[in-house]
Number of protein chains: 2
Amino acid sequence: MTRNLERLFRPRGIAIFGASEDFRKINGRPLKFLLDQGYTGGIFPINPKYETLAGLRCYPDLCTIEAPVDLAIIAVPAPAVMPAFEACIEKGVGGAVIFSSGFGEMNAEGRENELRLAARAREASVPICGPNTVGFWNAYEHVLATFSQAGDGDVRGGPVAFVTQSGAFGTAIVALLRQRGISLGYFVNSGNEADLTFADLLGFVVEDPQVRVVAGYIEGLKDGPALLAVADRALALGKPIIVAKVGRSGAGARAALSHTGSLAGSDRIYSGAFRQRGILRVDDEEELLDVVAAFSHSALPKGPRVALVTHSGGAGVLMADRAESEGLEVATLTEQTRTALREVVPAFGSIGNPIDITAQFIAEPRLLRQTLEIVFADHGVDLGIFYLGMMDAFAETIIEQFRAVQRGTEKPLLVAWAAAPAHARAKMNELGIANFPTATRAVVAARALAGFARVRADHALHARPAAFVPPPLPAGEPRPLPSARAFELLQDYGIPVAPWCVVGDAEGAVRAARSLGYPVALKVESPDIRHKSDAHALALGLHDDEAVRHAFERVVAAASNYDSAAHIDGVLVQKMIEDEVEVIVGVQRDPVFGPVVMAGLGGIFVEVLKDVSFRVAPLALADAYEMLRELRAFPLLTGARNTEPVDLDALCALIVNVGRLAVERASSLVELDLNPIKASGRGAVAVDALAVEAPP
Amino acid sequence: MTRNLERLFRPRGIAIFGASEDFRKINGRPLKFLLDQGYTGGIFPINPKYETLAGLRCYPDLCTIEAPVDLAIIAVPAPAVMPAFEACIEKGVGGAVIFSSGFGEMNAEGRENELRLAARAREASVPICGPNTVGFWNAYEHVLATFSQAGDGDVRGGPVAFVTQSGAFGTAIVALLRQRGISLGYFVNSGNEADLTFADLLGFVVEDPQVRVVAGYIEGLKDGPALLAVADRALALGKPIIVAKVGRSGAGARAALSHTGSLAGSDRIYSGAFRQRGILRVDDEEELLDVVAAFSHSALPKGPRVALVTHSGGAGVLMADRAESEGLEVATLTEQTRTALREVVPAFGSIGNPIDITAQFIAEPRLLRQTLEIVFADHGVDLGIFYLGMMDAFAETIIEQFRAVQRGTEKPLLVAWAAAPAHARAKMNELGIANFPTATRAVVAARALAGFARVRADHALHARPAAFVPPPLPAGEPRPLPSARAFELLQDYGIPVAPWCVVGDAEGAVRAARSLGYPVALKVESPDIRHKSDAHALALGLHDDEAVRHAFERVVAAASNYDSAAHIDGVLVQKMIEDEVEVIVGVQRDPVFGPVVMAGLGGIFVEVLKDVSFRVAPLALADAYEMLRELRAFPLLTGARNTEPVDLDALCALIVNVGRLAVERASSLVELDLNPIKASGRGAVAVDALAVEAPP
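Fair warning: this is a prediction, and the values are worked out from it, not measured in the lab. (Residues numbered from 1 in each chain as written. Chains lettered and ligands numbered in written order. Predicted model: local features only at pLDDT ≥ 70, side-chain atom pairs only at ≥ 80, totals over all residues. Heavy atoms only, no water.)

A.B. asks: Sorry if this is basic, but what is going on with the interface of chain A and chain B here?
C.D. replies: Often, the extent of an interface is quoted as the loss of accessible area upon association of its parts. Counting from both sides, the interface comprises 58 residues of chain A and, opposite them, 58 residues of chain B. Together, the buried faces of chain A and chain B total about 4,500 Å²; carbon and sulfur atoms form 63% of this surface. Connecting chain A to chain B are 2 salt bridges. Across the salt bridge formed by A:E286 and B:R441, the nearest N and O atoms sit 2.8 Å from each other. For the pair chain A and chain B, the number of links is 10 residue pairs in polar contact (both at pLDDT 80 or more). Those elements that place two or more of their residues in the side of chain A that touches chain B are α5 (167-179), α10 (285-297), α11 (313-326), β18 (383-389), α17 (439-461) and α21 (604-607) of chain A. Looking at the side of chain A that touches chain B, the element that brings in the most residues is α11(A), giving 9 residues. (Contact = heavy atoms within 4.5 Å. Buried area = accessible area lost by both parts, 1.4 Å probe. Salt bridge = Lys/Arg side-chain N within 4 Å of Asp/Glu carboxyl O. Polar contact = N/O pair within 3.5 Å; in protein donor to acceptor, adjacent residues only side chain to side chain. Helix = DSSP H or I, 4+ residues; strand = E, 2+ residues; numbered from the N terminus.)

A.B. asks: Help me understand the pattern of salt bridges in this model?
C.D. replies: Pairing between side chains of opposite charge can happen when the charged atoms of each approach one another. Residue and element names in this part refer to chain B. The full count for this structure, using the stated rule, is 89 salt bridges over all chains. Its salt-bridge partner being K32, residue D152 comes within 3.2 Å of it at the nearest N-O pair. Note that D152 is positioned in the loop between β9 (143-146) and β10 (160-164) and K32 in helix α2 (residues 29-36), a separation of 120 residues in sequence. Here D267 makes a salt bridge to R281, at a shortest N to O gap of 2.9 Å. A residue pair is termed long-range when its members are at least 10 positions apart, and D267 in helix α9 (residues 266-276) and R281 in strand β14 (residues 280-282) qualify at 14 residues.

A.B. asks: Looking at this model, I keep getting lost on the side chain of B:R464. Mind explaining?
C.D. replies: Residue and element names in this part refer to chain B. By the secondary structure assignment, R464 is in the loop between α17 (439-461) and β21 (479-480). At 2.9 Å, the side chain of R464 forms a polar contact with the side chain of D623. Ignoring anything within four residues of it in the chain, the contact list for R464 reads Q276, R277, A620, A622, D623 and E626.

A.B. asks: I keep staring at helix α18 (residues 483-492) of chain B and nothing clicks. Help me out?
C.D. replies: In an α-helix there are 3.6 residues to a turn, and that puts residues three or four apart on one side. Taken residue by residue, α18(B) has B:S483, B:A484, B:A486, B:F487, B:L489 and B:L490 as its buried positions. Where α18(B) terminates, the next one or two residues include B:G494, which has phi positive at roughly 70 degrees. (Buried < 20%, exposed > 50% of the residue type's maximum accessible area, 1.4 Å probe, protein only.)

A.B. asks: Would you take a moment to explain the packing of helix α11 (residues 313-326) of chain B against α17(B) for this structure?
C.D. replies: Geometrically, a packed helix pair is captured by the angle between its two axes and the distance between the axes. Residue and element names in this part refer to chain B. Between α11 and α17, the least distance of the axes is 9 Å, while the angle of their chain directions is 30 degrees. Comparing their axes, α17 and α11 come out roughly parallel. The way α11 lies across α17 gives a crossing that is right-handed. Across the interface between the two elements, L318, M319, R322, A323 and E326 from α11 touch A439, T440, V443, V444 and R447 from α17. (Axes fitted to C-alpha atoms, helices over the stretch in contact; angles between N-to-C directions. Parallel < 35°, antiparallel > 145°, perpendicular 65-115°, else oblique. Left-handed = near helix turned anticlockwise from the far one by under 90°.)

A.B. asks: Looking at this structure, I do not really get the pairing of strand β1 (residues 13-17) of chain B. What am I missing?
C.D. replies: Sheet faces and side chains relate simply in a regular strand, where the side chains alternate between the two faces. Residue and element names in this part refer to chain B. Within β1, 5 of the 5 residues are buried, which leaves it mostly tucked inside the rest of the structure. With burial as the criterion, each face of β1 is covered, one bearing G13, A15 and F17 and the other bearing I14 and I16. In this structure, β1 lies alongside strand β2 (residues 42-46), joined through 5 bridges in parallel fashion. Within the sheet, the bridge partner assigned to G13 lies in β2 and is G42. Once you follow β1 into α2 and on to β2, the crossover reads as right-handed. Bridging between β1 and strand β5 (residues 71-74) involves 4 bridges; their strand directions are parallel. Paired with A15 across the bridge in β5 is A72. (Pairing = 2+ DSSP bridges. Right-handed = clockwise from strand over helix to strand, strands pointing away.)

By themselves, these are just geometric observations and shouldn't be taken as functional.
If you want it as structure tokens, here you go:
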């Protein structure tokens, strides 16, 4: 569902329900902001108590306004919200932003009112931002539909859009961005998201050609696939989405039938989904600021090879460490570069990378410029970071050098300046020189630039399947499929399964074993026995007819013994596959993202080390590769310990097919575990499967 | 070797070699600083060019000065340093700080001159700080023996001492500390450490009763054990040592015969050693500042249970996440506390933990105070963090509330204030209210406080063995001991070894196998065959006499085949121990810390996942426990996967004994690998050992 938010965000006229002249109040501030920031459309305060407000005509109600109203700001107590919104529908406004609290965040009654509001919004096609929001602004057109403290400051339309699920925290982040010289084209607080969700709002701002960088703050999404679709769109437009997502520990593991289900902390699914679609996740508000600052001020580097230049050996080592651990490459300089540096850098400095030009550059400022120019001329360098500390007296000269260097190259130069004087920071912000207060923060920001450059290039090369919006699952108790049925399902999707057949008696088992080839395993086939090993209703490693005959009787007896009422469909005879790496691949239904695929190595890796990775279905082949590469145990797939490397192509194809199955069966599949899959140089074969489906 | 640094750091008179009137120059600044900061002892500039300098009498040389000189500042070109230092020895000064560069950092000649300087310093018992140092200050007594830019500012004697291996980076950190309202009692740059090392210098400042918090910046230590001894002393005095150590990626793995050796990145050894002795390691300069600020301003909490109070749900969730991942506990509030909060906190807020008091506290400031007082009265809360953003207009009132809360409790209150107005930060710094610019940084600082509180309590309860200074190893090619000799060595130290004996013929092997009990393993015993499995010179899982007879011939033949010149001492027959968890414990000789012990689980854990931990020998039992607990695979020792839990007491005792062996054999042991150790509920037994010794 694409919503038309044009009139909401770019209104020709704005009505304010509950407008007030007290500019300190929630219902007074938007009027003040609109006037202060020079909104040029019609402003229509609504309040029956006043004739005029702040020199404007004040209206008793919406219908009295004769001019067109595109946006309604509703800042009245909760009980008055619904009548106000009905008036908006009547009038045909283009959208409403509802500041009022007392809805879903309050109690059950509020929740119900919120649902009613949302239903009316959709029926009438009048989108709502909120309720319980501090509102939004579109600085390009001076639309200040907010009561946030941040509306009071310098609201200029910069290249950054910021959508936040938290009003107070979002406001603080805006203030911090402003301190960094970054102004927001859009600031949007999604509030309770009764109608418009975070993804809807992000989807709008990402399309504005004035927006180059998109930032978000997320506590929990309502519609994961919608965000993923926006992410695809942003990548196509070449714009980074930088997101701080909290609630890592919150959701916890949910009870579930399968391994896949019980392992899923929803936060890890978020991380997997973000990586899959090129959304840059940051750890906290400070990293958000740093990364947004980097993208606002810097070009993208062509690669991850960084030159580190300092006047302090210590800072150089610190940056080199961090660069390596963040996945940047500390560039290897050419002999030519080193020769040129030797001419310039003092003998007691260092021309390795990191390069230490020593404090000598204070006496000879051109040393700074020359060094950076030499370094940027090296084809093995993609970007540079210069670190310095203090230098209050020389700030102007130093900044001039940066400017000169920047003019001469397309490669990004990031500046890490410890204890920079305030005027130097202000000057750099003004000039668009990306600057950071510490060495490590500059490196983290550089990593984000290089990482996004790679993601964008990948995106241009490899098409990814579109995000999938799953249909709802039918209600009712989910049931596992019989193993044979689960195997058939896998085979329908091209997923190799170890050869098997279901038999009814011991002689049938022997015939099956001979035809499959020894050794074989026997497992009871019963919808009532989910964990066959708990029931001892299976036998592994059977090498001859006699063993199979005995095992048949034993397995059936054990099943009856375990549950005398169990319905027994027969016994499954399956060819044993040994001496391979065990892999687990699973599917679960995530409430936010729909069907998600998990992969990990068998045994301790999943059970003890929780070494698994997630992606949202459907997956591209590249997603499957990245999932595996994320595993700490990945080296075991590529021949660590002198074992044969696993056929990764086959394993990735299997994972992709599992994703396809998850999508195409999304109207019934609740969970799926392929556990284990036996992987080797010859391929990847599922030997056991648990598929849980919703009732038809 | 304890050095007497009293006269160096608390001089009655200071001579300055190469003194200059140009206060912008390296040799001019100390004179300016001493005068500006009010040093009350004698100041004696030495420079034959001047009669007076800055109104002081200037001397042609040191011997002309009649008054006592305790400290000499040497700021002359490198070639003039040695003559100046000889004059210092002659005069009997108490110590010298040498600014001059052009020594070890420059070239081989400089390195030699530096060694000569150091040798003279030790012979004459005149300690040297430097060369190539920006110097030091002792602010309590206004001794500014530095040319650092930082000497120019507000040098008041605060409770923090800072010792740094980097002059430029250290200076930047001082500036940042000052911005945070933290003044340093001592600032010391250790320079090239020709004579006095980082540990020597830290050891001095930690003893000053005016110092409460010790900070350090390390690139690489010369004497690890000396630092560990200082750390013990600091713990006994109850003072935290907070250290930023860089060079994580630098050292890399060194070539070595054993697993232990090849796994050791020296940086992981630093981390292990720091943890063992209660040194708090921080990741970068910003975390250093935050943690130092926390210790400077806050009391220690009694435990890790934190209350998180905010006016922003978002910041609350962010802090709760981070608190959990950092190892703090988000406190569970009592029903009584919740009832009391319900009376105070607005209905649209939240009284869980995190507690959201909403923006209502702006209108009712006492809401802030009341909430915090209620929370601190809860016995389940050890410390609190309050988060807020902006609030420029209300800063004074808010800070007043903090003050009032702080006065009423001994529990620490940390303030995270995003985009705090500058005057508010200054005010909080002045009042000693620990404040941080972001939510996460406050949490990280809180974790450091709680972590140190625990370390200090542990230290008071459990005595740790003193740090060990190893003797040098003899030069020459190290050689592995025969297995039997290695086993005997282990047994000498009470380390259980699977029963074995060495035999010379097949019948001897059969007799040995019968007496040890089947199954057994046979391994060739030859000093020339280090990797028996590569040579196929071993046989495992032998169950009867016949198998042993065959295996004997096969093993000997394989050995001769592999290396026809190999000397064969016999064949080792050993009882097989199966179905246990495999553990690896090793020893290697670290160039910084001496003998260090490594522990990890066998197979993929060590080889692929590098899941190992290090401690410096000797170890306390508690160290061994912590080593194991650090392993990601630790759950496998405690009965994950429904296996029998390992006897941790036995395994830890084994590790402690390995540490004892490493110390007592430190004059010859180069490396030791117990690989594998079979651990189970019945104990821990080494089944193979490689001991490498230096030649006698």
